Amino acid sequence: MIRFFLSRLLTFVPTFIGVTVISFAFIRVLPGDPIIVMAGERGMTQERYDALVKQYGFDQPMLAQFWDYLTGVLQGDLGQSFVTKRPVWDEFFALFPATLELSICAIIFAILIGLPAGVIAAVNRGKFFDRLLMSTALVGYSMPIFWWALLLIIVFSGNLGWTPVSGRIDLIYFFDSTTGFMLIDSLLSGQKGAFGSAVRHLILPTIVLGTIPLAVIARQTRSAMLEVLSEDYIRTARAKGLTPFRVNALHALRNALIPVVTVIGLSVGTLLAGAILTETIFSWPGIGKWMVDSIFRRDYPVVQGGLLLIAVMVMAVNLTVDLLYGLINPKIRSR
Amino acid sequence: MAETAAAPARPSALAEFWYYFRENRGAVIGLWFFAVFVFVAIFAPLIAPYDPTEQFRQSTLVPPAWEEGGSWAFPLGTDPLGRDMLSRLLNGARYSFFVGIVVVVVAASGGILMGLVAGFGPRWLDTIIMRFMDVILAFPSLLLALVLVAILGPSLTNAMIAIALVLQPHYVRLTRASVLSERTKDYVISARVAGARLPRLMFVTVLPNCLAPIIVQAALSFSTAILDAAALGFLGMGAQPPTPEWGTMLAEAREFILRAWWVVTFPGLAILVTVLAINLMGDGLRDALDPKLKRS
C-alpha cells in the first residue's frame, strides 16, 4: 500500500517539473519583448529598459533564469502582474473562490440530474425512457456551451427576465467578503434579498458549466449500471424478493458508483476549460475570465503563473482520485 | 491454399463492419447528416445563393423568411452587416470540415508515430514520451490551445496547430497501450523470427491490429476539434472576421442576441448538429469495432 502511494507520488515530480518548464518557456517564446509590452505605448529610455531587463533577470543565461523561476515557484513566488503590479499568487487566490463556487454548484447540478438519469436509463434499457434520456445526454455532450449560454440568456434573461446576465450579485448589495463564496457571504451579511440575488446570478452559469459533466455522468452511470445489473448478486437480490427500488438503488448503484466517482473526479479539467468560456460570457470574476483577460492584455506573468497553478491543481486532483481509487479497489494497487 | 478457398465465403471486414454499424440506428442517422455536411463543405460556393462576405447595406438584420418582415431573398435572414446568413452558414461548413480533417490527420499521425516509438523503443524513451504526454494532459485542453494561439498569433491555421497538439496525447496513449498488448502475441513473435525488421514490425505487422480504438478516437477528436476551433473563434483567437467560421460568427453576433435571435441561433445550431452527428457516428463505430461489446 505504501509502495503504491509512493510510486504514484513519484510520477508527480517529473510531471510537475515538465509543467513548470512549459509555463516558463511560454514567456520566452511569446513574440514581442515583454519589457516593451510593459512600457506600453509611451515607450521608455534605453537606461530604463536596461534596468528592467536586469531587474527581471532576462540578461541571465536561460538555465539560470529557469533555476530562479523554479526556486521562486517552490517558495510561492510567481512574479507580479504587469498590469496591476500585484503578485500573481494573491490575484489567483482572490479570484479562485468565485471559480470554485461556480464549479461546485455545476458539479452538484450535474450529479443531481445525471446520476438518476443514468440509473433510470439503465433500468429501462432499450425502452422509450432509455432512448430519450440517452439522446438528450448525447445532445448535451455535443453542446457548444458558449452557444448554450447565449440561448439561455435569450430565453431566461431576455424574454422572461428571470435571471441577470452577468456578475455574481446585484450592485445594490455591498458587504465585505469573508469566505469569498458569494452564497455564504451574502447569508452572513444579513442583508435582505442578497442571498436571493446571489442565487439568481448563479443559476445560468451553473447550468451552462454543468451541462457537459451532466451528460458524461449520465452516460457513465448507465453503462456502469448495465454492467452491474447482469451480475449474480443482483439476481440473488431479486430472487430474495427485494423491491426493485432496493435492488437498483442500494445493491446495484453502490457498486456502479466506483467508475462514476472516478469520472467525476477527472472532470476537473473539463470544468476549468468550461469555466474559461462560461466566466467570459457571464462576466463571472473567476480565474477563467482572469486568464482570458490576461492573454488579451499580454500580461505574461499572469498567463504563466495561472497556467502553472491550474495545471498543478488538475494534477493534484487526478493524483487524489488515483490514490482514492487504489484505496477502494485493491486490484489497481498490485499493478 | 485450397482449404481456405473452399471454405464458405467469410464476409469481408467491411461487410462485417457495416452489419454491426447498421444495427445502431443513431449511427446511421449521424452518418447521413455527416454526408450532407461533407457535401455542403465541398460544394458550398455552388449551393450558397450569395458570396459569404457580400454586404447588402439596405437589408441589415432582416429576420428569417417565415418571420414578419422577412423575405425569401434571404431565407435565414441577414446579419448586422447585411450579409446573407444562409450563405455564411453553408460556407462555414468548409472551415469546420477543414479544421476537423487537418486536426485529426496531424494529431493522429504524430500521435501514432510517437505511440509506436514508445511501445517498441527502449524503456527510457518510453518514459520520456509518456511523461511528456502527461504534462500536456495536465493542462485543460482549451486553455493550453488558447495560450498557444496567443503565442503564435490568432488565426485559423494556428488554432488548428494548437488543437492538434493538445489532442495528440490521446493517440499516443491509445497506440502505446495497444502496441504493448499486441507486441508479445504469437504472430508478432513469428514475424520477428522470420526476420522482419523494426519498421516492418511497427507499421505492417502491429499497427493494423491497433487501429480500431484509434479510429474511434479519430471520430471523437473530429468533433472535439470542431468544438474547440469554434470556441477559439468565439473568444477571438481562432478564425478572424469576416471569415464565416461558425464560432467567429457567434462572437460577432453576441451584442445582438436580444434584438436578433437568428444571428445567434443558427451558427450555434450548425455547430451542434454537426458535432452531434459525428458523435453519433463515433458511438456506432465503437460498437461495430469493439469486439468486446459486440452483441452485448
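Refer to the preceding data block for the structure.
About the thresholds
Residues numbered from 1 in each chain as written. Chains lettered and ligands numbered in written order. Predicted model: local features only at pLDDT ≥ 70, side-chain atom pairs only at ≥ 80, totals over all residues. Heavy atoms only, no water. Helix = DSSP H or I, 4+ residues; strand = E, 2+ residues; numbered from the N terminus. Buried < 20%, exposed > 50% of the residue type's maximum accessible area, 1.4 Å probe, protein only. Contact = heavy atoms within 4.5 Å. Areas by Shrake-Rupley, 256 points an atom, 1.4 Å probe, with all protein chains shown as cover. Lys, Arg positive; Asp, Glu negative; His and termini not counted. Charge placed at Lys NZ, Arg CZ, Asp CG, Glu CD. Core = buried A, V, L, I, M, F, W, Y, C linked by side-chain atoms within 4.5 Å. Expected span 1.5 Å × (residues − 1). Salt bridge = Lys/Arg side-chain N within 4 Å of Asp/Glu carboxyl O. Polar contact = N/O pair within 3.5 Å; in protein donor to acceptor, adjacent residues only side chain to side chain. Nonpolar A, V, L, I, M, F, W, Y, C, P; charged D, E, K, R; others polar. Axes fitted to C-alpha atoms, helices over the stretch in contact; angles between N-to-C directions. Left-handed = near helix turned anticlockwise from the far one by under 90°. Phe/Tyr/Trp six-rings, centres within 6.5 Å; stacked < 30°, edge-to-face > 60°. Lys NZ or Arg CZ within 6 Å of the ring centre and 35° of its normal. Patch = residues over 30% accessible without salt bridge, like charges linked within 9 Å, V, L, I, M, F, W, Y side chains within 5 Å.

Undergrad: In this structure, what is going on with the overall build of chain A? I would like to understand it.
TA: Within chain A, the secondary structure is distributed over 15 helices and zero strands. Across its three principal directions, the C-alpha atoms of chain A cover 85 × 55 × 35 Å. Here chain A, with 335 residues, has 47% of them falling under the buried criterion. Of all intrachain contacts in chain A linking residues separated by at least 6 positions in sequence, the fraction that spans at least 24 positions is 71%. When the accessible surface of chain A is totalled, it reaches about 17,000 Å², and 65% of it is carbon and sulfur. Here chain A holds 27 positive side-chain charges and 21 negative ones, and the gap between their average locations is 15 Å.

Undergrad: It is not clear to me how the overall build of chain B should be interpreted in this structure. Could you clarify?
TA: Secondary structure summary: chain B contains 11 helices and zero strands in total. Helices and strands in chain B line up, N terminus first, as α-α-α-α-α-α-α-α-α-α-α. Along the three orthogonal principal directions, the C-alpha set of chain B runs to about 75 × 50 × 30 Å. The buried share of chain B, taken over its 296 residues, is 52%. Look at the contacts in chain B between residues 6 or more apart in sequence, and 69% of them connect residues 24 or more apart.

Undergrad: How should I be thinking about the nonpolar core in this particular structure?
TA: Within the largest apolar cluster, 135 residues are counted, with the highest numbers of intra-cluster contacts made by F146(A), L232(B) and V264(B). With residues up to four places along the chain from it excluded, the contact list for L232(B) reads L142(B), A145(B), L146(B), V149(B), A159(B), I163(B), M237(B) and G238(B). Ranked by size, the runner-up nonpolar core spans 17 residues in total, among them A224(A), L229(A), I234(A) and V260(A).

Undergrad: What's the story with helix α6 (residues 128-141) of chain A in this structure? I'm lost.
TA: Each α-helix winds once per 3.6 residues, and so residues spaced three or four apart point in a common direction. In this model, α6(A) (14 residues) spans 20 Å end to end at C-alpha, consistent with the 20 Å of a helix rising 1.5 Å per residue. Elements that come into contact with the buried residues of α6(A) comprise α5 (88-123) and α9 (194-229) of chain A together with α11 (261-289) of chain B.

Undergrad: Teacher, can you tell me more about the interface of chain B and chain A here?
TA: How large an interface is tends to be reported as the accessible area lost when its parts come together. Chain B puts 40 residues into the contact, and the matching count from chain A is 44 residues. One can count one salt bridge joining chain B with chain A. At the boundary of chain B with chain A, the tally comes to five residue pairs in polar contact (both at pLDDT 80 or more). Every element with two or more residues in the side of chain B that touches chain A is listed here: α5 (123-138), α6 (141-152), α9 (198-234) and α11 of chain B. By residue class, the composition of the side of chain B that touches chain A is 30 nonpolar, four polar and six charged.

Undergrad: Explanation requested: the packing of helix α4 (residues 85-120) of chain B against α9(B) in the structure shown.
TA: To describe two helices that pack against each other, one gives the angle between their axes and the distance between the axes. Look at α4(B) against α9(B): their axes get within 8 Å of each other, and the N-to-C directions meet at 145°. As α4(B) runs across α9(B), the sense of the crossing is right-handed.

Undergrad: Honestly, the side chain of S103(A) in this entry has me stumped. Any pointers?
TA: Residues and elements named next belong to chain A. Turning to its location among the elements, S103 is positioned in helix α5. Overall, S103 belongs to the buried group, its relative accessible area being 10%. A distance of 2.7 Å separates the side chain of S103 from the backbone oxygen of T99, its partner in a polar contact.

Undergrad: Could you clarify how one ought to interpret the packing of aromatic side chains in this entry?
TA: Aromatic ring pairs are reported here in terms of the distance separating the ring centres and the angle at which the planes meet. In total, this model carries 25 aromatic pairs over all chains according to the counting rule given. Relative to F93(A), the ring of W89(A) lies with its centre 5.0 Å away and its plane at 50°, an arrangement referred to as tilted. Here the residue W89(A) and the residue F93(A) both occupy positions in helix α5, the gap between them amounting to four residues, near one helical turn. Overall, the relative accessible area of 34% leaves W89(A) in the partly exposed class. Assessed through its relative accessible area of 41%, F93(A) is described here as partly exposed. Centroid distance Y19(B) to Y20(B): 5.3 Å. Interplanar angle 80°. Geometry classified as edge-to-face. Residue classification places Y20(B) among the buried positions, given a relative accessible area of 10%. The positively charged end of R219(A) is found above the aromatic ring belonging to Y141(A), 5.3 Å away from the centroid.

Undergrad: Help me understand the pattern of salt bridges in this model?
TA: Side chains that differ in charge, positive against negative, can pair when their charged atoms come close. Residue and element names in this part refer to chain B. A full pass over the atoms with the stated rule returns 15 salt bridges over all chains. Here R88 makes a salt bridge to D79, at a shortest N to O gap of 3.7 Å. Judged by its relative accessible area of 1%, R88 is buried. Take D79: its relative accessible area is 7%, and that puts it in the buried class. Between E182 and K185 there is a salt bridge; the shortest N-O distance is 3.2 Å.

Undergrad: Please explain a nonpolar patch on the surface as it appears in this structure.
TA: Residue and element names in this part refer to chain A. A cluster of nonpolar side chains, contributed by M1, I2, L6, L9, L324, L327 and I328, occupies part of the molecular surface with about 690 Å² of accessible area. Elements represented by at least two residues in the nonpolar patch include exactly α1 (2-29) and α14 (300-328). Within the element layout of this structure, I2 appears in helix α1. The class of I2 is exposed, set by a relative accessible area of 66%.

Undergrad: What's the story with the environment of G100(B) in this structure? I'm lost.
TA: All names here are of chain B. Tracing the sequence through the fold places G100 in helix α4. Residues G100 and I226, 126 residues apart in the sequence, show an inter-C-alpha distance of 5.8 Å. Filtering out sequence-adjacent residues up to four positions away, G100 remains in contact with F222 and A225.

Undergrad: Help me understand the environment of Y50(B) in this model?
TA: All names here are of chain B. Within the secondary structure, Y50 sits in the loop between α3 (25-47) and α4. Through-space distance from the C-alpha of Y50 to that of G92 is 13 Å; in sequence the pair is 42 residues apart. Ignoring any residue separated from it by four or fewer positions in sequence, one finds Y50 in contact with F56, A73, F74, D84 and S87.

Read these as geometric descriptors, not functional statements.
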